[in-house]
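Remarks on the overall topology
Single-letter residue listing:
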Amino acid sequence: MQPILDFVGHFWWLIFPLSGIVGGWSKAWSNASERRHQRRVELYRLRNQALSVEQAGEAEVAALLAAHDDVNRRWLDYELDVGKLIDFPVMTDVREPLTVAFLRAKREADGLRPAGPAGMGSRTRLDEYRAGVRNFEVAFDVAEREARRIRDSNFSADERQKLATARKLLRIAEDEAATPAERQTAYKRARHELEGLIVLPEATRAALEEKVARMLGAGPGAM
């Protein structure tokens, strides 16, 4: 202990520069600690921000999927209901530009559709899918409004009469009060009346045949 005291007694003037050095080291260490803390805070903020963006992206994809499904359901209301197609034949008339545009928009939107909310992969794909769904919605709305405006006005008086007859026959074919023979005859006559007027989509024809066949107690092949 005495040697240390002797050293301090002889070299007491070193205390001032050494204290400055120690103070500098302390300040440098404090600054470094502050920088490390700031980096941790920034990293935490960026991670949370990335998670928030990812969650927001998934929520947006889920909303787009729901919108996509809604338009598909609206289309199925026509595709699976032959009576509705008779009332609004333009919806399946591929000679109509608006119908073609809607069917093309549907195909494009279906092609861009991800497997689920987390399956989009990138912001570019999300933007493409959003545009595809919006185009599908707009194209369907325009085609549907036009179909409801025109209805059967594109047909001659004789053709409109055939459509009306087919509509009545289909009601008989789906009428539980009718006999099996009456239903089957009505269905076949309705198909005959529609030939050359309305091209029934495969899904429409299959749904109708299945419904009538079920009521007749036979398989679809019996039609």
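Residues numbered from 1 in each chain as written. Predicted model: local features only at pLDDT ≥ 70, side-chain atom pairs only at ≥ 80, totals over all residues. Heavy atoms only, no water.

1. A few points about the packing of aromatic side chains
Put simply, the rule reads: Working definition: a ring pair exists when centres of Phe, Tyr or Trp rings (six-membered ring for Trp) sit within 6.5 Å. Plane angles under 30 degrees give stacked, over 60 give edge-to-face, the rest tilted. Any Lys NZ or Arg CZ found within 6 Å of a ring centre and within 35 degrees of that ring's normal is scored as a charge over the ring.
With the rule as written, the count across this model stands at 5 aromatic pairs. Cluster of aromatic residues (ring-pair linked, three or more members): Trp75, Tyr78, Phe88, Phe102, Phe136 and Phe140. Above the plane of the ring of Tyr78 lies Lys84, whose end atom (NZ or CZ) is 4.5 Å from the centre. Arg148 extends its terminal NZ or CZ atom over the ring of Phe88, reaching a point 4.7 Å from the ring centre.

2. Considering helix α5 (residues 123-150)
Selection criterion: Comment: elements are numbered from the N terminus, with helices defined as DSSP H or I runs of at least four residues and strands as E runs of at least two. A helix is expected to span 1.5 Å for every residue after the first.
With 28 residues, α5 ought to run about 40 Å at 1.5 Å a step, and its terminal C-alpha atoms sit 41 Å apart, in line with that. Arg151 lies just past α5 and shows a positive phi near 50 degrees.

3. Focus on the pattern of salt bridges
Using the following cut-off: What counts as a salt bridge is simple: a side-chain nitrogen of Lys or Arg found within 4 Å of a carboxyl oxygen of Asp or Glu. To sort residues, take the accessible area from a 1.4 Å probe on protein chains only and compare it with the maximum for the residue type: under 20% means buried, over 50% means exposed, and anything in between is partly exposed.
Taken as a whole and assessed by the stated rule, the structure comprises 13 salt bridges. The salt bridge involving Arg73 is made with Asp70; its shortest N-O contact spans 4.0 Å. Placement of the pair is Arg73 and Asp70 together in helix α2 (residues 15-79), with a separation of 3 residues, close to one helical turn. Its relative accessible area of 49% is what places Arg73 among the partly exposed residues. The partner of Asp87 in a salt bridge is Arg167, with the nearest N and O atoms 2.7 Å apart. Of this pair, Asp87 sits in helix α3 (residues 82-87) while Arg167 sits in helix α6 (residues 157-173), placing them 80 residues apart in sequence. Looking at Asp87, the relative accessible area reads 23%, which means it is partly exposed. One salt-bridge network, held together by shared partners, links Glu60, Arg123, Asp127 and Arg130.

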